[in-house]
Amino acid sequence: MKSGEMTVTLPAELATLVRAELEQGTYDSGADIVQEALRQRYKAQKLQELNQALDIGIADMDAGRSSPLDQAFKNIRRAIAAK
């Protein structure tokens, strides 16, 4: 086995899905399917993190914990200059 390679054993139901995708020609290999699934999982995780950050920001705004954008940038520039 080459460095970075691994063998994955799938339950019968998932193996059937992989074979079906390969037979349809959607993917060239089982490895392509696993890579795509992992990419999609990573994207979904990042989207969930972004949504959580947005929820926090919206809650802060609703609670009055916000400033106009120009003031926020001034505060950031001041904090950077103080370092």
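Quick caveat, the model's predicted, so the values are computed rather than measured.

Chemist: What am I meant to see in the overall build of the protein here?
Modeler: Looking only at helices and strands, one finds 3 helices and 0 strands in the protein. Secondary structure elements of the protein, listed N to C terminal, follow the sequence α-α-α. Taking 83 residues into account, the globule formula puts the C-alpha radius of gyration at 12 Å, and the protein, at 23 Å, lies well above it. Taken along its principal axes, the extent of the C-alpha atoms in the protein is 60 × 30 × 20 Å. Considering the protein as a whole, with its 83 residues, one finds that 4% of them fall into the buried category. Surface exposure of the protein reaches about 7,500 Å², of which carbon and sulfur atoms provide 58%. Here the protein contributes 11 positive and 12 negative side-chain charges, whose respective centroids are spaced 13 Å apart.

Chemist: What am I meant to see in the layout of surface pockets here?
Modeler: Any space left empty among the atoms is revealed by the rolling of a water-sized probe across them. A volume near 270 Å³ is recorded for the largest pocket. Around the largest pocket sit Met 6, Val 8, Leu 10, Val 18, Gly 30, Ala 31, Val 34 and Gln 35, which together line it. The element contributing the most residues to the lining of the largest pocket is helix H2 (residues 30–62), with 4 residues. Of the residues contributing to the lining of the largest pocket, the split by class is 6 nonpolar, 2 polar and no charged.

Chemist: Honestly, a nonpolar patch on the surface in this entry has me stumped. Any pointers?
Modeler: A contiguous nonpolar patch, built from Met 6, Val 8, Leu 10, Leu 14 and Leu 17 and spanning about 480 Å² of accessible area, is present on the exposed surface. In this structure, Leu 17 sits in helix H1 (residues 12–24).

Chemist: Teacher, can you tell me more about H1 here?
Modeler: Residues spaced three or four apart along an α-helix face the same direction, because each turn holds 3.6 residues. For H1, which comprises 13 residues, the first-to-last C-alpha distance of 18 Å matches the rise-based estimate of 18 Å (1.5 Å per residue) to within 8%. Downstream of H1 by a residue or two, Gly 25 has a phi angle that is positive, lying close to 80°.

Chemist: Would you mind showing me how to read the pattern of salt bridges here?
Modeler: Pairs may arise between side chains of opposite charge once their charged atoms sit close together. One pass over the full model with this rule turns up 3 salt bridges. Close ionic contact of Glu 49 with Lys 46 constitutes a salt bridge, the shortest N to O distance being 3.3 Å. One end of the pair, Glu 49, and the other, Lys 46, are both in helix H2, 3 residues apart, so they sit about a helical turn from each other. Residue classification places Lys 46 among the partly exposed positions, given a relative accessible area of 37%.

What counts and what doesn't
Residues numbered from 1 in each chain as written. Predicted model: local features only at pLDDT ≥ 70, side-chain atom pairs only at ≥ 80, totals over all residues. Heavy atoms only, no water. Helix = DSSP H or I, 4+ residues; strand = E, 2+ residues; numbered from the N terminus. Rg over C-alpha atoms; globule rule 2.2 N^0.38 Å. Buried < 20%, exposed > 50% of the residue type's maximum accessible area, 1.4 Å probe, protein only. Areas by Shrake-Rupley, 256 points an atom, 1.4 Å probe, with all protein chains shown as cover. Lys, Arg positive; Asp, Glu negative; His and termini not counted. Charge placed at Lys NZ, Arg CZ, Asp CG, Glu CD. 1 Å grid on protein atoms, 1.4 Å probe; cavity = no way out; pocket = protein on both sides within 12 Å on 5 of 7 lines; lining within 4 Å. Points joined across faces, edges and corners; volume = space filled by probe spheres on them. Nonpolar A, V, L, I, M, F, W, Y, C, P; charged D, E, K, R; others polar. Patch = residues over 30% accessible without salt bridge, like charges linked within 9 Å, V, L, I, M, F, W, Y side chains within 5 Å. Salt bridge = Lys/Arg side-chain N within 4 Å of Asp/Glu carboxyl O. Expected span 1.5 Å × (residues − 1).

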